[in-house]
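# Per-entry structural report
What follows is the residue order along each chain.
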Amino acid sequence: MLNENIIHITENFVRDTLGEDSTGHDWHHIERVRKNALYIAKKEQAGDTFIIEMAALLHDIPDAKLNTSKEAGERNLSDFLQELEITEEASSSIKTITDLVSFKGGNNSRILSVEAKIVQDADRLDAIGAVGIARAFAYGGKKGQQIYDPGLEIRREMTEDEYRTGKSSSINHFYEKLLKLRDLMNTDTAKEMAEERHQIMEQYLHQFFKEWNGQA
C-alpha cells in the first residue's frame with residue numbers, strides 16, 4: 001500500500017471520527033496541525049515526513065478527553081493502525097508520538113524523537129494565537145466552565161488528573177497552559193512562529209481585563 005493511499009485512508013478515518021467535534025478538536029484543527037507539522041519539518045529539514053504526517057492526523061484519536069476513557073482511545077487508534085499495511089516500527093512510532101503530544105498539565109517531560117517534537121510543536125501552535133483563543137472558549141464552554149471567575153485561583157502546579165478534571169475558567173486556562181507554550185516549543189521554527197501568537201494572547205488578555213473592570 002502506497003503512503004499516499006495510507007494518508008488518504010487516514011484522512012477519511014479522522015474526518016469520520018472528529019469531523020464535527022465542537023471542542024476545538026475537529027477536522028480543521030487536525031488539518032492545521034498537519035500543515036504546521038509539515039512546514040516545520042521542511043524548515044528544520046528533519047524527521048520522517050510520513051510518520052510526522054500520520055501522527056499529526058491521528059494525534060487526537062486516543063485523547064482521553066475525546067473518548068469515554070484513555071484505554072478506549074488507545075484501542076481506537078490501535079485497531080485503526082492494525083488495518084493499515086505499515087510496519088510495526090511505523091505503527092509503534094505513531095502511537096508513541098500521539099501519547100507524547102498532549103500538555104497533560106505540564107507533566108509531559110519524556111524524551112521526544114525529532115518527529116514527536118515537530119508534531120508536538122505543531123499542535124501547541126494551534127493552541128495559541130487568535131485561533132487558540134477561539135478554541136479555548138469553545139472547549140471551556142463545552143466543558144461547562146465559566147468565562148472567568150475572579151474567585152478561582154490560577155493553579156500553578158497540578159497533576160494530570162487535576163488538570164483534566166479540576167475546576168477552572170477559560171481565562172485561567174491561559175495562565176495554566178496557553179501562555180506557557182511559547183517557551184515549551186522544541187524547534188527553532190516553532191519558537192519563531194509562537195512569538196506573534198503569544199503577543200496576540202497577551203494583548204487580548206490586557207483588553208479583556210480592561211473591559212472586565214469597566215475601564216473600556
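One structure accompanies this document, and this report is about it. (Residues numbered from 1 in each chain as written. Predicted model: local features only at pLDDT ≥ 70, side-chain atom pairs only at ≥ 80, totals over all residues. Heavy atoms only, no water.)

## Describing the overall build of the chain
A count of helical and extended segments in the chain gives 10 helices and 0 strands. In the chain, which comprises 216 residues, the share counted as buried stands at 47%. A sequence separation of at least 24 residues applies to 64% of the contacts in the chain between residues at least 6 apart. Of the roughly 11300 Å² that the chain leaves accessible, carbon and sulfur atoms contribute 46%. (Helix = DSSP H or I, 4+ residues; strand = E, 2+ residues; numbered from the N terminus. Buried < 20%, exposed > 50% of the residue type's maximum accessible area, 1.4 Å probe, protein only. Contact = heavy atoms within 4.5 Å. Areas by Shrake-Rupley, 256 points an atom, 1.4 Å probe, with all protein chains shown as cover.)

## Thoughts on the packing of aromatic side chains
Per the stated rule, a full pass over the model turns up 10 aromatic pairs. A ring pair is formed by Y148 and F209, whose centres lie 5.4 Å apart and whose planes are at 85 degrees; its orientation type is edge-to-face. Of this pair, Y148 sits in the loop between α7 (129–143) and α8 (160–165) while F209 sits in helix α10 (residues 188–212), and the two are 61 residues apart along the sequence. On the basis of relative accessibility, which here comes to 17%, the residue Y148 falls in the buried class. Residue F209 is classed as partly exposed on the basis of its relative accessible area, which comes to 22%. Within the aromatic cluster, the residues linked to one another by ring pairs are F137, Y148, F174, Y204, F208, F209 and W212. For R15, the ring lying beneath its charged end belongs to W27, and the centroid distance is 4.3 Å. (Phe/Tyr/Trp six-rings, centres within 6.5 Å; stacked < 30°, edge-to-face > 60°. Lys NZ or Arg CZ within 6 Å of the ring centre and 35° of its normal.)

## Looking at helix α6 (residues 114–125)
A rise of 1.5 Å per residue sets the reference length of α6, with its 12 residues, at 16 Å; its end C-alpha atoms lie 17 Å apart and thus fit the reference within 8%. Of all 12 residues making up α6, 10 are buried, and the element is well covered by its neighbours. Listed as buried for α6 are E115, A116, I118, V119, Q120, D121, A122, D123, R124 and L125. Where α6 is buried, its residues contact α2 (27–44), α3 (49–58), α5 (88–100) and α10. (Expected span 1.5 Å × (residues − 1).)

## Structural notes on the nonpolar core
Judged by nonpolar contacts, the single largest core of 52 residues is most densely connected at V14, L58 and F174. By residue number, the principal contributor to this core is α3, which donates 8 residues. For F174, the residues in contact, after removing those within four places along its chain, are I133, A136, F137, L179, M201, Y204 and L205. (Core = buried A, V, L, I, M, F, W, Y, C linked by side-chain atoms within 4.5 Å.)

## Notes on the environment of D126
Relative to the elements of secondary structure, D126 occurs in the loop between α6 and α7. By relative accessible area, D126 is classed as buried at 2%. For D126 and R32, which are 94 residues apart along the polypeptide, the C-alpha to C-alpha distance reads 7.2 Å. Excluding residues that lie within four positions of it along the chain, D126 makes contacts with H29, R32, V33, V131, G132, R135 and R197.

## Considering the side chain of T98
For T98, the location among the structural elements is in helix α5. A polar contact is formed between the side chain of T98 and the backbone oxygen of K95, at a distance of 2.8 Å. Once residues lying within four places of it in the same chain are set aside, the contact partners of T98 are A55, L58, H59, P62 and L77. (Polar contact = N/O pair within 3.5 Å; in protein donor to acceptor, adjacent residues only side chain to side chain.)

## Focus on the pattern of salt bridges
The tally for this structure, following the rule as stated, stands at 8 salt bridges. Two residues, R34 and E11, come together in a salt bridge whose shortest N-O distance is 2.7 Å. One end of the pair, R34, is in helix α2; the other, E11, is in helix α1 (residues 3–18), and 23 residues separate them in sequence. Looking at E11, the relative accessible area reads 14%, which means it is buried. The salt bridge involving D126 is made with R32; its shortest N-O contact spans 2.6 Å. Here R32 lies in helix α2 and D126 lies in the loop between α6 and α7, a separation of 94 residues in the sequence. (Salt bridge = Lys/Arg side-chain N within 4 Å of Asp/Glu carboxyl O.)

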